[in-house]
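For reference, the chains in residue letters:
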Amino acid sequence: MSQDTYEAVLHAVLGDAGTAVLEARPDGSFRVVSSGPEWFTVLVGPTKQGDIVDLGGRCPPLDHFMLVARDHWAHGSTTGIESSGIWIEMVGDQEIPLEAYARRIEGRPHLILSSPARQYDEVRGMLQHARESLLSNGVLERAVEERTQMIRAREEEIAVRLVSAAEFRDSATGAHIRRIGRFTLLVATAMRLHEHVLDHLELAASMHDVGKIGIPDHILLKPGPLDEEERRVMERHTVVGARILEDSDTPALQLGREIALSHHERWDGTGYPFGLSGEQIPLVARIVAIVDYFDATVNDRPYRPAMSVEEVLGIMRGERERHFDPAVLDLFLHLQPQIAEIRRAVDLEVAEERALAAERAALGGRGAPSREDFWGTDGFALH
Ligand SMILES: [Fe+2]
Ligand SMILES: [Fe+2]
């Protein structure tokens with residue numbers, strides 16, 4: 001295949017505007033095959049086809065992925081491997097969510113970088129466009145409806161991937177995220193919130209800390225207490241999360257945005273980011289504030305061991321009408337048997353998933369890179 005045809009095929013298969021394609025060279029550098037997207041320029045500077053670039057030392061997750069990728073190019077199968085999550089690079093004040101994919105194309109080792117946010121924007125753009133051009137036309141209304149459903153499903157999928165990206169920074173957080181979703185749904189169901197809210201609440205609550213993917217590792221993964229400046233940066237995870245989820249038509253994401261933004265507000269107005277108080281704080285965020293505090297303190301953290309449930313509930317009672325909404329807290333205390341049941345169920349699920357993963361690893365050799373391949377096994381603190 002001539003070089004021209006080869007480039008054309010690459011473009012046809014992979015080369016949408018959100019994707020950069022690079023060929024790996026033996027000396028560790030890369031030849032640019034397709035450098036379309038703007039974020040690629042932000043990341044490595046201006047390039048054109050054929051340029052040689054060095055990607056090392058720019059983003060730690062990519063460096064980690066390259067270790068696995070080089071091993072794959074040297075010994076792996078013809079199918080590719082992908083980074084098992086999205087990471088976010090901050091370049092200046094721009095946030096770039098990225099994922100990487102390594103495979104042999106025409107027998108040559110290639111690295112494909114793409115930015116899911118770009119796809120996310122495109123999906124939203126498509127929806128907008130479909131509405132504007134088609135909604136007035138009755139005949140096409142159903143087609144639009146189907147398209148909207150599909151786009152919603154894709155938005156939800158992206159939401160799940162964002163949640164797993166936040167989770168990906170610390171394996172201990174996976175179970176936390178799962179419990180928060182279920183605790184929140186339990187409390188909201190007992191409060192008889194509208195079905196429309198309940199339908200989306202578990203996913204929405206699990207996104208409460210999604211903004212942490214925008215917090216630098218040296219702060220997020222710091223084992224000890226944060227200093228003043230670090231705390232200020234850490235507190236940004238509320239507004240970053242809200243920005244990630246804003247302007248969506250998907251109910252789960254709209255609800256997720258409210259929760260991400262307001263789950264650190266406190267009933268007495270001393271919380272962040274805005275110091276809202278009482279019923280100014282969305283009810284769903286008041287619920288998450290309670291279940292999040294509870295779950296974080298009754299489980300081990302890298303900088304302190306777990307406290308007993310009795311001890312934690314004692315502290316929480318003391319925070320009635322200070323940190324916590326009194327009515328929601330009373331209900332939460334009343335629901336302790338069900339809370340304990342959810343904790344047992346999630347522990348069981350996590351143990352089963354671990355056993356399954358260990359079994360798979362023993363059978364299939366190395367398999368896909370695990371999150372420890374990227375991030376190590378450090379945990380992070382709740383802030
Ligand atoms: Fe948080
Ligand atoms: Fe949390």
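Residues numbered from 1 in each chain as written. Chains lettered and ligands numbered in written order. Predicted model: local features only at pLDDT ≥ 70, side-chain atom pairs only at ≥ 80, totals over all residues. Heavy atoms only, no water.

Student: Is there a simple way to think about the overall build of the protein chain in this case?
Tutor: Looking only at helices and strands, the protein chain features 16 helices and seven strands. Put simply, of all contacts in the protein chain between residues at least 6 apart along the chain, 61% involve residues at least 24 apart. Summed over its atoms, the accessible surface of the protein chain is roughly 18600 Å², and 53% of this surface lies on carbon and sulfur atoms. (Helix = DSSP H or I, 4+ residues; strand = E, 2+ residues; numbered from the N terminus. Contact = heavy atoms within 4.5 Å. Areas by Shrake-Rupley, 256 points an atom, 1.4 Å probe, with all protein chains shown as cover.)

Student: What exactly am I supposed to notice about the coordination of the iron ion (ligand 2) here?
Tutor: Surrounding the iron ion (ligand 2) are the protein donor atoms H176 (NE2), H208 (NE2) and D292 (OD), at 2.2 to 2.3 Å. Positions of the donor residues of the iron ion (ligand 2) along the chain correspond to the pattern H-x31-H-x83-D. Distance-wise, the iron ion (ligand 1) is placed 4.9 Å from the iron ion (ligand 2). Within this pair, whereas H176 is found in helix α6 (residues 173-190), its partner D292 is found in helix α12 (residues 283-297), the two being separated by 116 residues in sequence. Given the relative accessible area of 3%, H176 is considered buried. (Donors = N, O, S within 2.8 Å, 3.2 Å for Na, K, Ca; no water. Buried < 20%, exposed > 50% of the residue type's maximum accessible area, 1.4 Å probe, protein only.)

Student: Explain the pairing of strand β2 (residues 30-34) here, please?
Tutor: Of all five residues in β2, five are buried, a share of seventy percent or more. With four bridges connecting them, strand β1 (residues 19-24) and β2 associate as antiparallel partners. The partner of V21 across the bridge, within β2, is S34. Connecting the antiparallel pair β1 and β2 is a turn made up of five residues, with G28 showing a positive phi of about 95°. For β2 and strand β3 (residues 52-53), the ladder comprises two bridges, and the chain directions are antiparallel. In the sheet register, R31 faces β3, and the bridge partner there is I52. (Pairing = 2+ DSSP bridges.)

Student: What is the right way to read empty space enclosed by the protein from this model?
Tutor: The gaps left among the atoms become clear once a water-sized probe is rolled over them. All told, the structure shown has three cavities of 30 Å³ or more when counted by the stated rule. By volume, the second largest cavity is sized at about 50 Å³. Lining the second largest cavity we find S262, E265, W267, I281, A285, R286, A289, I290, H323, F324 and D325. With four residues, the single largest contributor to the lining of the second largest cavity is α12. (1 Å grid on protein atoms, 1.4 Å probe; cavity = no way out; pocket = protein on both sides within 12 Å on 5 of 7 lines; lining within 4 Å. Points joined across faces, edges and corners; volume = space filled by probe spheres on them.)

Student: When you look at the coordination of the iron ion (ligand 1) in this model, what are you seeing that I'm missing?
Tutor: Metal coordination angles in their ideal form are 109.5 degrees for the four-donor tetrahedron and 90 or 180 degrees for the six-donor octahedron. Within the protein, the atoms that donate to the iron ion (ligand 1) are D209 (OD), H237 (NE2), H263 (NE2) and H264 (NE2), at distances of 2.1 to 2.3 Å. Angles of 85 to 173° at the metal separate the four donor atoms of the iron ion (ligand 1), which places the site in the irregular class. As a motif over one chain, the donors of the iron ion (ligand 1) read D-x27-H-x25-H-H. By relative accessible area, D209 is classed as buried at 10%. We classify H263 as buried; its relative accessible area is 2%. (Tetrahedral: all angles 85-135°; square planar, octahedral: opposite > 155°, others 65-115°.)

Student: Teacher, can you tell me more about the side chain of D209 here?
Tutor: Relative to the assigned elements, D209 resides in the loop between α7 (195-206) and α8 (217-220). A polar side-chain atom of D209 sits 3.3 Å from a polar atom in the side chain of H208. (Polar contact = N/O pair within 3.5 Å; in protein donor to acceptor, adjacent residues only side chain to side chain.)

Student: Is there a simple way to explain the nonpolar core in this structure?
Tutor: Across soluble globular proteins, nonpolar side chains show a tendency to be buried alongside one another. Core analysis: the largest hydrophobic core is formed by 33 residues, its most contacted members being V187, I259, I290, F294, M316 and F332. At the level of secondary structure, the elements contributing two or more residues to this core comprise α6, α7, α11 (251-262), α12, α13 (309-318), α14 (326-334) and α15 (336-364). Ignoring any residue separated from it by four or fewer positions in sequence, one finds V187 in contact with I287, V291, V328, L331, F332 and L335. By size, the runner-up hydrophobic cluster in this structure holds 25 residues, among which are V32, W39, L55 and A100. (Core = buried A, V, L, I, M, F, W, Y, C linked by side-chain atoms within 4.5 Å.)

Student: So what exactly am I meant to see when it comes to the confidence of the model for the protein chain here?
Tutor: For any part of a model where pLDDT is low, the fine detail of the predicted coordinates should not be relied upon. Per-chain confidence: the protein chain averages 80 in pLDDT, with 73% of residues scoring 70 or above. Averaged over each element, pLDDT in the protein chain is lowest for helix α16 (residues 371-375) (38) and highest for α13 (98). Across residues 1-6, where pLDDT falls below 50, the model places eleven contacts with residues more than four positions away in sequence or in other chains. Every residue in residues 366-383 scores below 50 in pLDDT, and together they form 54 contacts with partners more than four places removed in sequence or on other chains. (pLDDT = per-residue confidence, 0-100.)

Student: Would you explain the packing of aromatic side chains in this entry?
Tutor: The geometry of an aromatic ring pair is captured by the separation of the ring centres together with the interplanar angle, meaning the angle of the planes. Enumeration according to the criterion identifies three aromatic pairs in this entry. Relative to F324, the ring of Y293 lies with its centre 5.5 Å away and its plane at 70°, an arrangement referred to as edge-to-face. With Y293 in helix α12 and F324 in the loop between α13 and α14, this pair connects stretches of sequence that are 31 residues apart. Accessibility expressed as a relative area gives 1% for F324, which makes it buried. Each member of the aromatic cluster is reached from another via a ring pair, and the members are F183, F294 and F332. (Phe/Tyr/Trp six-rings, centres within 6.5 Å; stacked < 30°, edge-to-face > 60°.)

Student: Honestly, α13 in this entry has me stumped. Any pointers?
Tutor: Think of an α-helix as turning once every 3.6 residues; residues three or four places apart then point the same way. The set of residues buried in α13 consists of V312, L313 and M316. Along α13, the residues classed as buried sweep out an arc of 95° about the axis, all on the same side. (Arc of directions from axis to C-beta.)

Student: Help me understand the pattern of salt bridges in this model?
Tutor: Working definition: two side chains of opposite charge can pair if their charged atoms are close together. Within the structure shown, the criterion is met by 17 salt bridges. Between R178 and E349 there is a salt bridge, and its shortest N-O distance comes to 3.0 Å. Of this pair, R178 sits in helix α6 while E349 is found in helix α15, placing the two residues 171 residues apart along the sequence. Note on R178: relative accessible area 24%, which makes it partly exposed. A salt bridge links R344 to E341; the shortest N-O distance between them is 3.0 Å. Highlighted residues: R344 and E341, both in helix α15, separated by three residues, approximately one helical turn. Three or more residues are tied together by salt bridges with common partners; here these are R178, R182, E202, E349 and E353. (Salt bridge = Lys/Arg side-chain N within 4 Å of Asp/Glu carboxyl O.)

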